[in-house]
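# Survey of secondary and tertiary structure
Chain by chain, the residues run as shown.
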Amino acid sequence: MEVGQEGRYVPHHPQKIAFLFSAMRHFAGELEKKGFRVHYSHLDDKDNCQDLLEEAERLAGRYRCDDIRVTAPGEWRLAERIRKRRGTISWHRVADDRFFCSFDAFAEWADGRQRFRMEHFYRWMRRETGILMDDDGEPLGGKWNFDHDNREPLPKQLDVPCPVEHRADDITREVIELVGTHFGEHFGNLEHFNWPVTRRQALSDLRHFIERCLPRFGDYQDAISDDHAFLYHSRLSGALNAGLLRPREVCEAAEQAYHDGSAPINAVEGFIRQILGWREFVRGIYWLNMPDYKRENRLEADRDLPAFYWSGNTDMRCMRRAIEMTRNHAYAHHIQRLMVTGNFALLCGVKPEALCDWYLSVYIDAYEWVELPNTLGMVLYADGGYLGSKPYCASGKYIDRMSDHCRQCRYDVKKSIGEDACPFNSLYWYFLERHEKQLAGNQRMKLIYGSLHKMKDDKRKALREQAQDFLDSLEYAPAYGRGEHLQGYRRAKTAG
Ligand SMILES: Cc1cc2nc3c(=O)[nH]c(=O)nc-3n(C[C@H](O)[C@H](O)[C@H](O)COP(=O)(O)OP(=O)(O)OC[C@H]3O[C@@H](n4cnc5c(N)ncnc54)[C@H](O)[C@@H]3O)c2cc1C
Ligand code: SF4
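As the structure is a prediction and not an experimental result, all values here were calculated from the model. (Residues numbered from 1 in each chain as written. Chains lettered and ligands numbered in written order. Predicted model: local features only at pLDDT ≥ 70, side-chain atom pairs only at ≥ 80, totals over all residues. Heavy atoms only, no water.)

## Details of the site of ligand 2
To keep things clear, this is the line we draw: Note on definitions. A residue lies near a molecule or strand when any single heavy atom of the residue is within 4 Å of it. Here a cavity is any set of points on a 1 Å grid over the protein atoms alone where a 1.4 Å probe fits but cannot get out, and a pocket is any open set with protein on both sides within 12 Å along at least 5 of 7 lines; a residue lines the site when it has an atom within 4 Å of a point. Molecule-in-pocket calls rest on the fraction of atoms, with more than half required to lie within 2 Å of the cavity or pocket grid points.
Within the structure, ligand 2 sits among M316, R317, C318, G396, I399, H405, C406, C409, Y411, V413 and C422. More than half of the atoms of ligand 2 fall within 2 Å of the grid points belonging to the largest cavity.

As structure tokens, this is what we get:
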């Protein structure tokens, strides 16, 4: 069912909507070819209710169904609506098989633990699944984690493979036109649409990644490029989350590359950790803690989203490029999300609901089960350290080390004060100062608070004023929220 309500509860990127509609239409066709009877509700069917539950019940009535069976939704809001539904027909939720770890298994792992750390969960998952384990039950390569080998900055010379080009067939072309007509006002363009919409295409993306990108994935996992949106990342999150690929086959393909000698252990382990570790872990955290998790705001952040998140209209080169890539591809890689757009919002004190709605809207892979813990927990530290042991806050120095943005920026990354000073620098110190009470006791922040304490009062004052002036100079996207979700975006677009 293509229903307008699901495309609009936040203003999803048009590529995301086109990706899902096209994949659904292709899948319906494949089922029909196999002899199944399929009813497919098109977005512009006259009798389409445009609401998922109502449309399903309308069809169930029409086909005289006994009940409705649905894969457990990936978002609390839908799961709750289904749970509370009291219509004439009953709903049954079927477990989602796009994951390794069931809700019950995660709850069992979590039971009795004071602290949840992804690394502990990941080791447990490796043992449970046998992935990246040798015959003696030891981690392959002799270590659980090769993360310290995966922090190479961007090299001067780069040979980045282009992604596989998927030619749009009639179905995809039709869908792109439909989405342009119905959702054209949303942030994002459709011109660069190049996502896999069938399992065959998704498998060819997987092969391409394993052969061409995986060998260097580890080394440049944290690097950021002004020119290359994807670098050596897999671009598989959309296909994984939509069910075109299974996490096990993706992990096994990567492990096989290690056994074949075509990819080094730091790359293979680093990649598998993202899927077997992070992806499963954040999902577990989400379902274990909703709906309370969504209300967390331990740092009491209360600022609206800066309007340029919707327009890209900023002189900060790193922010501008991350937002432009997002607009063009419905994609930015993890470090751009975490250390550029995420870090900036953390330093500014953007309120969780405003930032979460942005991330949920703009990425090809965004569903609340994965977006919320990453944004609210990992980026904003709004859960007080439940998901991550410290905030990922950083000054411009980090971005300069990992990217080639700064030398193309109008701001000077080496300066903290003055008209051309990099805004990340003063915001960083101001953030640390504002949250000293919550963060200074954190062992992992001791060093940096030591530097803050050594700083002379007049320097601290100058940094504080620089940051406050910068924050005052920004335009914000007001009244952005459920129900009014397009209002902030429209105003920002007009202003931009
Ligand atoms: C603020 C923020 C919001 C995010 N929102 C989403 C989201 O809505 N949907 C989503 O799938 N990922 C999200 N992520 C995680 C991660 O950024 C994306 O999965 C990744 O960038 C997708 O690109 P890729 O397929 O090229 O990933 P690669 O770098 O190639 O990684 C391989 C795979 O590992 C998984 N993965 C990697 N990191 C994470 C993570 N932190 N959490 C869960 N899975 C992970 C993904 O399935 C990804 O395809 C978010 C991260 C941040 C910091
Ligand atoms: S100078 Fe600052 S704002 Fe400019 S690209 Fe570097 S980190 Fe970003």
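## Section: the packing of helix α13 (residues 334-348) against helix α14 (residues 352-362)
Note the threshold: Note on geometry: axes are lines fitted to C-alpha atoms, helical ones only across the stretch in contact, with angles between N-to-C directions running from 0 to 180 degrees. Secondary structure elements are taken from DSSP: a helix is a run of H or I of four residues or more, a strand is a run of E of two residues or more, and numbering for both begins at the N terminus. Comment on the angle field: the value is read as roughly parallel under 35 degrees, roughly antiparallel over 145, roughly perpendicular from 65 to 115, and oblique elsewhere. Helix crossings get a hand from a simple test, with the near helix turned counterclockwise from the far one by less than a right angle marking a left-handed crossing and a clockwise turn marking a right-handed one. Working rule for contacts: check all heavy atoms of both residues, and any pair within 4.5 Å makes them a contact. Residues are grouped as follows: nonpolar covers Ala, Val, Leu, Ile, Met, Phe, Trp, Tyr, Cys and Pro; charged covers Asp, Glu, Lys and Arg; every other residue, Gly included, is treated as polar.
For the pair α13 and α14, the least separation of the axes is 11 Å and the interaxial angle reads 150°. Regarding the angle of α13 to α14, the classification is roughly antiparallel. For the pair α13 and α14, the sense of crossing is right-handed. Contact with α13, carried on its side by R337, T341, G342 and A345, involves L355, W358 and Y359 of α14 and no other residues of that element. Residue composition of the contact of α13 with α14, by class: four nonpolar, two polar and one charged.

## Overview of the site of ligand 1
As a reminder, the rule being used: The term polar contact refers here to a pair of N or O atoms within 3.5 Å; inside protein, the definition further demands a hydrogen-donor-capable atom paired with an acceptor-capable atom, and it admits residues adjacent in sequence only when both atoms are side-chain atoms. For the area figures, the Shrake-Rupley method with a 1.4 Å probe applies, and any residue is considered shielded solely by the protein chains shown.
As a matter of local geometry, ligand 1 sits amid 30 residues, with H233, S234, R235, N241 and Y331 nearest to it. Within the backbone of S237, an N or O atom sits 3.0 Å from an oxygen atom of ligand 1. One of the side-chain nitrogen or oxygen atoms of Y331 is found 2.6 Å away from an oxygen atom of ligand 1. Burial of ligand 1 by the protein amounts to 99% of the accessible area it has alone, namely 820 Å². Those elements giving two or more residues to the shell around ligand 1 turn out to be α9 (237-242), α11 (265-289), α13 and α15 (368-379).

## Digging into the domain arrangement of the protein
As a reminder of what qualifies: A domain assignment, automatic or from a database, supplies the domain bounds used here. The buried area of a pairing is the accessible area, by a 1.4 Å probe, that goes missing from both parts when the two are put together, added over both.
Segmentation of the protein into domains returns domain 1 (4-94), domain 2 (103-166 + 196-289) and domain 3 (294-495). With centres defined by C-alpha atoms, the gap from domain 1 to domain 3 works out at 36 Å. Tallying the contact residues gives 13 residues for domain 1 and 20 residues for domain 3. A combined buried area of about 1,300 Å² lies between domain 1 and domain 3, and 56% of that area is made up of carbon and sulfur atoms. It is helix α2 (residues 14-33) that contributes the most residues to the side of domain 1 that touches domain 3, four residues altogether. Split into classes, the residues belonging to the side of domain 1 that touches domain 3 amount to six nonpolar, four polar and three charged.

## Let's talk about helix α5 (residues 103-110)
Quick note on the threshold: For every residue, the accessible area obtained with a 1.4 Å probe (protein chains only) is divided by the maximum for its type, and the residue is called buried under 20%, exposed over 50%, and partly exposed between those limits. The directions considered for the arc run from the helix axis to the C-beta atoms.
Of all the positions in α5, only F106, W109 and A110 are classed as buried. Viewed end-on, α5 has its buried residues packed into an arc of 95°, placing them on one side of the element. In α5, those exposed residues whose orientation departs by more than 90 degrees from the buried face are D104 and E108. In this structure, the buried side of α5 is in contact with α6 (118-129) and α11.

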